[in-house]
2 protein chains.
Amino acid sequence: MSLTHIQSFVAVAEECNVSRAARRLHLTQPPLTRHIQALEDELGARLFERTRGGMRLLPAGEAFLCHARRILAEVDAALLTVRDVAGSRTGG
Amino acid sequence: MSLTHIQSFVAVAEECNVSRAARRLHLTQPPLTRHIQALEDELGARLFERTRGGMRLLPAGEAFLCHARRILAEVDAALLTVRDVAGSRTGG
DNA sequence: CAATGTTACGATACACGTAATCATA
DNA sequence: TATGATTACGTGTATCGTAACATTG
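Definitions and limits used
- Residues numbered from 1 in each chain as written.
- Chains lettered and ligands numbered in written order.
- Predicted model: local features only at pLDDT ≥ 70, side-chain atom pairs only at ≥ 80, totals over all residues.
- Heavy atoms only, no water.
- Near = heavy atom within 4 Å.
- Polar contact = N/O pair within 3.5 Å; in protein donor to acceptor, adjacent residues only side chain to side chain.
- Helix = DSSP H or I, 4+ residues; strand = E, 2+ residues; numbered from the N terminus.
- Nonpolar A, V, L, I, M, F, W, Y, C, P; charged D, E, K, R; others polar.
- Contact = heavy atoms within 4.5 Å.
- Salt bridge = Lys/Arg side-chain N within 4 Å of Asp/Glu carboxyl O.
- Expected span 1.5 Å × (residues − 1).
- Buried < 20%, exposed > 50% of the residue type's maximum accessible area, 1.4 Å probe, protein only.
- UniProt positions renumbered as here; feature names shortened; annotations may be inferred.

Considerations on the protein's contact with DNA strand D
Okay, step 1: By nearness alone, 18 residues border DNA strand D, and Val 18, Ser 19, Gln 37 and Arg 50 of chain A together with Thr 28 of chain B come closest of all.
Okay, step 2: Of what DNA strand D places within 4 Å of the protein, 68% of the atoms are sugar or phosphate.
Okay, step 3: The side chain of Thr 28 of chain B places a nitrogen or oxygen atom 2.9 Å from a phosphate oxygen of DNA strand D.
Okay, step 4: Among the elements of the structure, α2 (18-24) and α3 (29-43) of chain A together with α3 (29-43) of chain B are those that each provide at least two residues to the surface near DNA strand D.
Okay, step 5: Counting residues per element, the surface near DNA strand D draws most heavily on α3 of chain A, at five residues.
Okay, step 6: Residue composition of the surface near DNA strand D, grouped by class: six nonpolar, eight polar and four charged.

Some thoughts on the interface of chain B and chain A
Okay, step 1: Contact with chain B, which involves 24 residues of that partner, is made by 24 residues of chain A.
Okay, step 2: Here chain B and chain A share two salt bridges between them.
Okay, step 3: Here Glu 74 of chain B makes a salt bridge to Arg 70 of chain A, at a shortest N to O gap of 3.8 Å.
Okay, step 4: Where chain B touches chain A, the interface holds six residue pairs in polar contact (both at pLDDT 80 or more).
Okay, step 5: For the side of chain B that touches chain A, the elements supplying multiple residues, two or more each, are α3 and α4 (59-91) of chain B.
Okay, step 6: Sorting elements by how many residues they give to the side of chain B that touches chain A places α4 of chain B first, with 17 residues.
Okay, step 7: Split by residue class, the side of chain B that touches chain A holds 17 nonpolar, three polar and four charged.

Considering α3 of chain A
Three- or four-residue spacings in an α-helix give side chains the same orientation, since the helix completes a turn every 3.6 residues.
Residue and element names in this part refer to chain A.
Okay, step 1: Here α3 is 15 residues long and its end C-alpha atoms lie 21 Å apart, about the 21 Å a rise of 1.5 Å per residue gives.
Okay, step 2: All of the buried residues in α3 are Pro 31, Leu 32, His 35, Ile 36, Leu 39, Glu 40 and Leu 43.
Okay, step 3: Following α3 by one or two positions, Gly 44 has its phi on the positive side, about 70°.

With respect to the UniProt feature "domain: HTH lysR-type" (unreviewed entry) in chain A
Okay, step 1: As recorded in UniProt, the feature "domain: HTH lysR-type" (unreviewed entry) lies at residues 1-58 of chain A.
Okay, step 2: Taken end to end, residues 1-58 of chain A has its terminal C-alpha atoms 19 Å apart, with 60% of it in helix and 14% in strand.

Brief notes about the protein's contact with DNA strand C
Okay, step 1: In the region of DNA strand C, 18 residues are neighbours, and Arg 52 of chain A together with Val 18, Ser 19, Gln 37 and Arg 50 of chain B sit closest.
Okay, step 2: Here the atoms of DNA strand C within 4 Å of the protein split so that 70% fall in sugar or phosphate, with bases taking the remainder.
Okay, step 3: Take Thr 28 of chain A: an N or O atom from its side chain is 2.9 Å from a phosphate oxygen of DNA strand C.
Okay, step 4: Arg 34 of chain A is positioned such that a nitrogen or oxygen atom in its side chain is 3.1 Å from a base oxygen of DNA strand C.
Okay, step 5: Of all the elements in the fold, those that place two or more residues in the surface near DNA strand C are α3 of chain A together with α2 (18-24) and α3 of chain B.
Okay, step 6: Taken together, the residues of the surface near DNA strand C sort by class into six nonpolar, eight polar and four charged.

Right, dumping it as structure tokens:
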């Protein structure tokens, strides 16, 4: 599991479409497909249903999406907090 | 930023010692040193004070530690939740 | 010499993008 | 043919571990 895979998953879940998610992430489709496959493999569960028009979340995928967003939010918070603490070192 | 770097950071913070953290992570010292350096570089802040006997958290490091633990906990929770949802698919 | 962390360097593994493939209508 | 995802394959980068280095007592 990696943060990159998690970001890819969230993008695909929100776009319901690998191609659009790829554009949004400035990536091509193949790596994105592989990210999803790696997650599904590691979690031992299918996260998306592959439909004619794109990707649709399965129950396991919806469950994972909640956590995925919290993980990314926590990473953002970590970045902000550390920069804040370090930036205010002398500023008081 | 990667989950591996975050795991390394937490181990070093808890052991106050790169060598012990490396053993705990089944790794050697150099990659661990580089993980910490990469984090410090990316965050733009020094996380540890290098002392004679090992590593000691600086304020920015303590701030980051809180978030780091939450990120890892959230990842664990994601694993458990997804496996639970997927496992109970037919079990009712 | 013994213990700490760091840097240099070569081998391996990972991840990308292009191109080709499968499926649907 | 057009749109969607996936697989095959070559290449560039990242990451590891060993070995060498610097610091401290």
